[in-house]
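Each chain is listed here by its residues.
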Amino acid sequence: MTAVLAAVLTGLFSITALLALVRLYRGPSLLDRVIAADMLLATMIGAVGAEAAVNRNATSLPVLVVLSLLGFIGSVSLVRFAVREES
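We now turn to the structure provided with this report. (Residues numbered from 1 in each chain as written. Predicted model: local features only at pLDDT ≥ 70, side-chain atom pairs only at ≥ 80, totals over all residues. Heavy atoms only, no water.)

**Notes on the overall build of the chain**
A tally of regular secondary structure across the chain gives three helices and zero strands. Written out in order from the N terminus, the α and β elements of the chain read α-α-α. A compact globule built from 87 residues should have a C-alpha radius of gyration of about 12 Å, whereas the chain, at 15 Å, is more than 25% larger. Considering only C-alpha atoms, the chain reaches an extent of 55 × 25 × 10 Å along its principal axes. Looking at the chain as a whole, 18% of its 87 residues qualify as buried. Taking as baseline every contact in the chain between residues at least 6 positions apart, the subset at least 24 positions apart corresponds to 43%. Element-wise, carbon and sulfur atoms account for 72% of the exposed surface of the chain, whose accessible area totals about 6,400 Å². If the 6 positive side-chain charges of the chain are averaged to one point and the 5 negative ones to another, these points end up 2 Å apart. (Helix = DSSP H or I, 4+ residues; strand = E, 2+ residues; numbered from the N terminus. Rg over C-alpha atoms; globule rule 2.2 N^0.38 Å. Buried < 20%, exposed > 50% of the residue type's maximum accessible area, 1.4 Å probe, protein only. Contact = heavy atoms within 4.5 Å. Areas by Shrake-Rupley, 256 points an atom, 1.4 Å probe, with all protein chains shown as cover. Lys, Arg positive; Asp, Glu negative; His and termini not counted. Charge placed at Lys NZ, Arg CZ, Asp CG, Glu CD.)

Structure, rendered in structure tokens:
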């Protein structure tokens, strides 16, 4: 059961990351690329969290916290930069 769950989750996270990378590459504007990068980071957080849940260990919890903070700070910084550029 866990092998099937791990395979399905790996496939779903891979497809999601691939679509985010396509949007990151093709995004017509800076904000589209910021959203794609944020989606890619959220996919990474979900994959690490799913791996921790399947293996029943909490050793990757600090990694999840750091990735979450990185995503939040990065998104806020880039949006503030984009707003200043438009004005």
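**A closer look at a nonpolar patch on the surface**
Residues Leu61, Val65, Leu69, Phe72, Ile73 and Val76 make up a contiguous nonpolar surface patch of about 570 Å² in total accessible area. Looking at the element boundaries, Val65 is found in helix α3 (residues 61-86). (Patch = residues over 30% accessible without salt bridge, like charges linked within 9 Å, V, L, I, M, F, W, Y side chains within 5 Å. Salt bridge = Lys/Arg side-chain N within 4 Å of Asp/Glu carboxyl O.)

**A few points about unusual backbone geometry**
The backbone phi angle of Arg56 is positive, close to 55 degrees, even though this residue is not glycine. For Arg56, a relative accessible area of 77% corresponds to the exposed category.

**Describing helix α2 (residues 30-55)**
Along its 26 residues, α2 runs 38 Å from first to last C-alpha, staying within 8% of the 38 Å computed at 1.5 Å per residue. Residues Val34, Ala36, Leu40, Leu41, Thr43, Ala50 and Ala52 constitute the buried set of α2. Downstream of α2 by one or two residues, Arg56 has phi in the positive range, about 55 degrees. (Expected span 1.5 Å × (residues − 1).)

**What to know about the packing of helix α1 (residues 2-26) against α2**
One way to put it is that α1 packs onto α2 with a least axis distance of 8 Å and a crossing angle of 165 degrees. Between α1 and α2, the interaxial angle falls into the category roughly antiparallel. Relative to α2, α1 is oriented so that their crossing is left-handed. Of the residues in α2, those in contact with Leu5, Leu9, Phe13, Thr16, Ala17, Ala20, Leu21, Arg23, Leu24, Tyr25 and Arg26 of α1 are Asp32, Arg33, Ala36, Ala37, Met39, Leu40, Thr43, Gly46, Ala47, Ala50 and Val54. Partitioned by chemical class, the residues of the contact of α1 with α2 number 15 nonpolar, three polar and four charged. (Axes fitted to C-alpha atoms, helices over the stretch in contact; angles between N-to-C directions. Parallel < 35°, antiparallel > 145°, perpendicular 65-115°, else oblique. Left-handed = near helix turned anticlockwise from the far one by under 90°. Nonpolar A, V, L, I, M, F, W, Y, C, P; charged D, E, K, R; others polar.)

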